[in-house]
Amino acid sequence: MDAYRHVNNGAYLAYLEQARIGMFFHRHTGFSEGTVISRHEIDYVRPIVYHPEPLRVEVWIEKIGGARFTVRYEIFDGTTLAARAATSCVTFDFSTDRPRRLTEAERAILVSYSDEPAGPAAANIADGA
């Protein structure tokens, strides 16, 4: 929380991470063993004032490349859109310290999350913001 009792902008990255991990990293080991973040974008639409109710984060995949994919998010405070965001993820081979191509299995998983917002990949953030 910042001096104005709003959720600090740095907390949004944690919300995105929680939603992204909840979406598929815990369910699909290939991603959790070798994925790095190359970029984040956040558009703050409305401030979030602290309250104990959870936020809702809708998550989907927008673009899939050879070794890169984009995760999109909309963060809602109740029914109010508070932020839109995107994360560029790169599949990575830590043994060679280089990006690696997506496998066909990983690509199929990502395609299954290529959906409009409010699809099956919605996640709740329950840490009291």
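Our structure is the block above this text.
Rules used in this analysis
Residues numbered from 1 in each chain as written. Predicted model: local features only at pLDDT ≥ 70, side-chain atom pairs only at ≥ 80, totals over all residues. Heavy atoms only, no water. Helix = DSSP H or I, 4+ residues; strand = E, 2+ residues; numbered from the N terminus. Buried < 20%, exposed > 50% of the residue type's maximum accessible area, 1.4 Å probe, protein only. Contact = heavy atoms within 4.5 Å. Salt bridge = Lys/Arg side-chain N within 4 Å of Asp/Glu carboxyl O. Arc of directions from axis to C-beta. Core = buried A, V, L, I, M, F, W, Y, C linked by side-chain atoms within 4.5 Å.

Novice: Run through the overall build of the protein, naming residues and quoting values.
Specialist: Across its full length, the protein carries three helices and six strands. From first element to last, N terminus to C terminus, the protein shows the α and β order α-α-β-β-β-β-β-α-β. Every one of the 129 residues in the protein was classed for burial, and the buried ones make up 38%. Once local pairs closer than 6 in sequence are excluded, the contacts in the protein between residues at least 24 apart make up 66%.

Novice: Could you give an account of the pattern of salt bridges, naming the residues involved and the relevant values?
Specialist: On inspection of all chains with the given rule, the structure shows five salt bridges. A salt bridge links Arg 56 to Glu 58, with the shortest nitrogen-to-oxygen separation between them at 3.0 Å. Take Glu 58: its relative accessible area is 7%, and that puts it in the buried class. Residue Glu 62 is joined to Arg 72 by a salt bridge in which the shortest nitrogen-to-oxygen separation is 3.3 Å. Of this pair, Glu 62 sits in strand E2 (residues 55–64) while Arg 72 sits in strand E3 (residues 68–77), placing them 10 residues apart in sequence. Taking the relative accessible area as the measure of exposure, Arg 72 reaches 25% and is therefore partly exposed.

Novice: I'd like to hear about helix H3 (residues 104–112), residue by residue, with values.
Specialist: Within the sequence span of H3, burial applies to Glu 106, Ile 109 and Leu 110. The buried residues of H3 all sit within an arc of 95° when viewed along its axis, so they share a single face. When the buried face of H3 is taken as reference, the exposed residues oriented beyond 90 degrees from it are Glu 104 and Ala 105.

Novice: Which residues make up the nonpolar core, and what values do they have?
Specialist: Counting 24 residues, the largest nonpolar core has Ile 61, Phe 69 and Ile 75 as the members making the most contacts within it. The greatest single-element share of this core, amounting to six residues, is contributed by helix H1 (residues 9–25). Ignoring sequence-local partners within four residues, the contact set of Ile 75 consists of Tyr 12, Leu 16, Ile 48, Leu 55, Arg 56, Val 57, Thr 80, Leu 81, Ala 82 and Ala 83.

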